[in-house]
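As a plain string of letters, each chain reads:
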Amino acid sequence: MSPLQRTILADAVIDPDEWYDNAVTVLGKERADAALAEKVTRRQPEYNAAVKQPGYQPRAERQAVIDQARADAVKENASQAEAEKKKQQIAVLDAILSDADSLAKLKSAIK
Amino acid sequence: MALAGWSTTAASNASVGSINWAEGQAPSTVNDSARYTMADVKAEWYQAADLASGSTVNIGAAVGGYMHITGTTTITAFDTIDKGIRRWLKFDGALTLTHNATTLILPNGVNIVTSAKDMALFISEGSGNWRCLVYTPASPAAFSAYKSAPTADVTGAGTTYTVIFDSVIFDRTAGFNNSTGVFTASATGLYLLTTNVLFYNFGGVTITAAALQIHTSNRDYYVADGAFQYVAGSLQQISLGGGVIADMDAGDTVSIKVYINGLAGDTADLYGGAADVYFQGALL
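Residues numbered from 1 in each chain as written. Chains lettered and ligands numbered in written order. Predicted model: local features only at pLDDT ≥ 70, side-chain atom pairs only at ≥ 80, totals over all residues. Heavy atoms only, no water.

J.: Residues and numbers for the overall build of chain A, please.
T.: Helix and strand counts for chain A come out as 4 helices and 0 strands. Listing every helix and strand of chain A by position from the N terminus yields α-α-α-α. In summary, chain A has a C-alpha radius of gyration of 30 Å against a globular reference of 13 Å for 111 residues, an excess of more than 25%. Taken along its principal axes, the extent of the C-alpha atoms in chain A is 95 × 35 × 15 Å. Scored against the burial criterion, the 111 residues of chain A give a buried share of 23%. By sequence separation, contacts in chain A at least 24 residues apart represent 55% of the contacts at least 6 residues apart. (Helix = DSSP H or I, 4+ residues; strand = E, 2+ residues; numbered from the N terminus. Rg over C-alpha atoms; globule rule 2.2 N^0.38 Å. Buried < 20%, exposed > 50% of the residue type's maximum accessible area, 1.4 Å probe, protein only. Contact = heavy atoms within 4.5 Å.)

J.: How would you explain the pairing of strand β7 (residues 86-91) of chain B if you had to name every residue and give the values?
T.: All names here are of chain B. Burial along β7 is one-sided: Arg87, Leu89 and Phe91 are buried, and none of Arg86, Trp88 and Lys90, which face the opposite way, are. Here strand β5 (residues 66-70) pairs with β7 via 4 bridges, running parallel. Paired with Tyr66 across the bridge in β7 is Trp88. Of the pairings in the sheet, the one linking β7 to strand β11 (residues 119-126) comprises 5 bridges and is antiparallel in character. (Pairing = 2+ DSSP bridges.)

J.: How would you sum up a nonpolar patch on the surface? Please name residues and give values.
T.: Residue and element names in this part refer to chain B. Together, Leu190, Leu192, Ile245 and Leu284 make up a nonpolar patch on the protein surface, roughly 390 Å² of accessible area in all. Within the secondary structure, Leu284 is located in the segment after β25 (278-283). Accessibility expressed as a relative area gives 60% for Leu284, which makes it exposed. (Patch = residues over 30% accessible without salt bridge, like charges linked within 9 Å, V, L, I, M, F, W, Y side chains within 5 Å. Areas by Shrake-Rupley, 256 points an atom, 1.4 Å probe, with all protein chains shown as cover. Salt bridge = Lys/Arg side-chain N within 4 Å of Asp/Glu carboxyl O.)

J.: A description of the side chain of B:Thr37 should follow, citing residues and the corresponding values.
T.: Tracing the chain through its elements places B:Thr37 in helix α1 (residues 30-44). Residues contacting B:Thr37, with those up to four places away along its chain left out, are B:Trp6, B:Val16 and B:Trp21.

J.: Residues and numbers for the pattern of salt bridges, please.
T.: Applying the stated rule across the entire model yields 15 salt bridges over all chains. Note that B:Asp249 is salt-bridged to A:Arg43, the shortest N-O span being 3.3 Å. Of this pair, B:Asp249 sits in the loop between β22 (237-248) and β23 (253-261) while A:Arg43 sits in helix α3 (residues 29-51), which puts the two residues in different chains. For the residue pair B:Asp249 and A:Arg43, the accessibility class agrees, reading buried in each case. The salt bridge involving B:Asp225 is made with A:Arg70; its shortest N-O contact spans 2.4 Å. In this pair, B:Asp225 sits in strand β21 (residues 220-227) while A:Arg70 sits in helix α4 (residues 59-110), so the two residues belong to two different chains. In the salt-bridge network here, residues are joined through shared partners; they are A:Lys39, A:Arg42, A:Arg43, A:Glu46, B:Arg219, B:Asp247, B:Asp249 and B:Asp252.

J.: Just give me the short version of the sheet that holds strand β9 (residues 104-105) of chain B, but keep the residues and values in it.
T.: Strand-to-strand pairing in sheets goes through backbone hydrogen bonds, with the strands running parallel or antiparallel. What the 6 strands build is an open sheet, ordered β3-β5-β7-β11-β12-β9 (chain B); its pairing is mixed. Either end of the sheet is taken by a strand with one partner, and the two such strands are β3 (51-52) and β9 of chain B.

Written out as structure tokens, the structure is:
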């Protein structure tokens, strides 16, 4: 894999070396090289356009941003779920205390 | 002259082979011209001699409408022949057909890496330009695998887990790895991918999130993704499933990733069984 092929492949996949090594293992070197050439040829126009944009990031960096945003959303949801859980538990305790207060008043009334 | 050289204007067909079939031809040559014509028609429906792959392969000049292409040399062009002439090709090995938007138009506009016994139908558009009307892999990719037994403690506290489908029901292109759960595409195209997983044993705690991801080389697809708020009486089992049509290039991979969040640790178990935890795919 040439440096240019690696650069273009890195625009499409997270780990270009892992992609190529797996292709060689499964398809054999000859077919893996053909597949690499085909993929790079197909992706080159997209890469050429993207790399001209300010702040260009290869796929691995773009994916890391996406993954972090998802992780933050999951963490936020967990935090909200915990808050909701406490809120419902407090509501249950309030109901019990209210019932206890009512029982105390009932007891006084009976006396 | 073979059939490809005939004219659609009857008057222009004044000879066949070396026989003058024009008005006033000698009666003694009538039978020869008929036999030549029969031979030409037969040749068009005949299997031509095998042709070796090369940058330009003369399928138009070949005597026969069907032929084997031997060798593994990349093909970038075919020879010039009249518009509308068709050729069925059967490839004997792995070679690359190089797409060209004018001279060698391939389906989806992408190169094709052939496999032995693949078939293709090409039609001439004249001037050395050819269009592939049909490409039929001898064994188009299709696989089905499942997880045969449960695995304990795979996720629960947000850990992403790659599901290993260890039992293969079928795998036409030997592209599925049942040790890693990864399928590798051997041909470029659109793949229908479907999966289902089932988690259980949450220890009486309500999970806050669950997701199922089809992870391809080109992009990720979340086919199931739920966020859960606290409910009295906690959820203790969840089945996640879905499918996508994904663009994959030859050499690309796809695997299934999952995660659950909300537990104190990775204590959720992944179920096993062909009915509940499976992964399937097919080239469309």
